[in-house]
Structures are given as C-alpha cells and as structure tokens.
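Listed below are the residues making up each chain.
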Amino acid sequence: MFAMAVFIGFSGLITPLITSFLASSIGYDMTLYLVAIFSIVPLLLIFYYKKIDQKIS
C-alpha cells in the first residue's frame, strides 16, 4: 500500500508541473492533444498484446 501511495502521489505531483510547463510553452490545445496521445498509447498496446496473446494460445 505504501508503494502505491508513493507512486500515485509522485505522479500526482509531477503531472501538473509538466502540463503547466507545456501549456505555457506550446499552448493549452497542443498540451491537451499531447496528454490525449499519451493516454491512447497504453490502450493501443493493450489491444496489441491481447492480439499477440490470442495467437500464442
């Protein structure tokens, strides 16, 4: 539980810092696009790995 609290707490601290820097550098719209892309990548990897797992099984 401690490890999860540290992991979530650290990402909760770093994410606003990174996004505020990006928003001031490249604007709010592009920052939102980048955050969305970074959120879609794990989803696509899940589908890809499930497809590979079905081929193996």
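For the structure, check the block above.
For the structure given in this document, a descriptive report is provided here. (Residues numbered from 1 in each chain as written. Predicted model: local features only at pLDDT ≥ 70, side-chain atom pairs only at ≥ 80, totals over all residues. Heavy atoms only, no water.)

### Here we look at the overall build of the protein chain
Cut-off, in case you're wondering: Only DSSP runs of H or I covering at least 4 residues are called helices, and only runs of E covering at least 2 are called strands; the numbering of each starts at the N terminus. When we talk radius of gyration, it's over C-alpha atoms, and the globule rule is simply 2.2 Å times the number of residues to the 0.38. Remark: exposure states derive from per-residue accessible area (1.4 Å probe, protein chains only) relative to the maximum for the residue type, with buried under 20%, exposed over 50%, and partly exposed in between.
Of regular secondary structure, the protein chain possesses 2 helices and 0 strands. Since a compact globule built from 57 residues should have a radius of gyration of about 10 Å, the 16 Å found for the protein chain marks it as more spread out than a globular shape. Counting only residues that meet the buried cut, the protein chain has 4% of its 57 residues in that class.

### Section: the packing of aromatic side chains
Test applied: Stacked, edge-to-face and tilted labels apply to pairs of Phe, Tyr and Trp rings (six-membered ring for Trp) whose centres lie within 6.5 Å, assigned for plane angles under 30 degrees, over 60, and everything in between, in that order.
Per the counting criterion, the structure on display carries 1 aromatic pair. Centroid distance Tyr48 to Tyr49: 5.6 Å. Interplanar angle 55°. Geometry classified as tilted. Relative accessible area serves as the criterion here: at 49%, Tyr48 is assigned to the partly exposed category.

### Regarding the environment of Ser20
Here Ser20 shows up in helix α1 (residues 2–26). On the basis of relative accessible area, Ser20 is assigned to the partly exposed category, the value being 42%. Taking the C-alpha atoms as reference points, Ser20 and Thr31, 11 residues apart in sequence, are found 8.8 Å from one another.

### Some points on the environment of Thr15
Mapping Thr15 onto the fold places it in helix α1. Separated by 20 residues in the primary sequence, Thr15 and Val35 place their C-alpha atoms 9.9 Å from one another.

### Focus: the side chain of Thr31
Here is the rule we go by: We define a polar contact as two N or O atoms separated by no more than 3.5 Å, with the added condition that, inside protein, one atom must be a possible hydrogen donor and the other a possible acceptor, whereas residues neighbouring each other in sequence contribute only through side-chain atom pairs. We call two residues in contact whenever any of their non-hydrogen atoms come within 4.5 Å of each other.
Looking at the secondary structure, you find Thr31 in helix α2 (residues 28–56). On the accessibility criterion, Thr31 (6% relative accessible area) is buried. A polar contact of 2.7 Å, which involves the side chain of Thr31, links it to the backbone oxygen of Gly27. Setting aside chain neighbours within four positions, we find Thr31 in contact with Thr19, Leu22, Ala23 and Ile26.

### Quick look at a nonpolar patch on the surface
Definition in use: Only residues whose relative accessible area exceeds 30% and that take part in no salt bridge are eligible for patches, with like-charged residues grouped when within 9 Å of each other and nonpolar side chains (Val, Leu, Ile, Met, Phe, Trp, Tyr) grouped when within 5 Å. We get accessible surface area from the Shrake-Rupley algorithm with a probe of 1.4 Å; when it comes to residues, only the shown protein chains can shield them. Whenever Lys or Arg places a side-chain nitrogen within 4 Å of a carboxyl oxygen from Asp or Glu, that contact is recorded as a salt bridge.
On the surface, a cluster of nonpolar side chains totalling about 500 Å² of accessible area is made up of Ile37, Val41, Leu45, Tyr48 and Tyr49. Looking at the element boundaries, Val41 is found in helix α2.

Geometric values such as these leave the question of function open.
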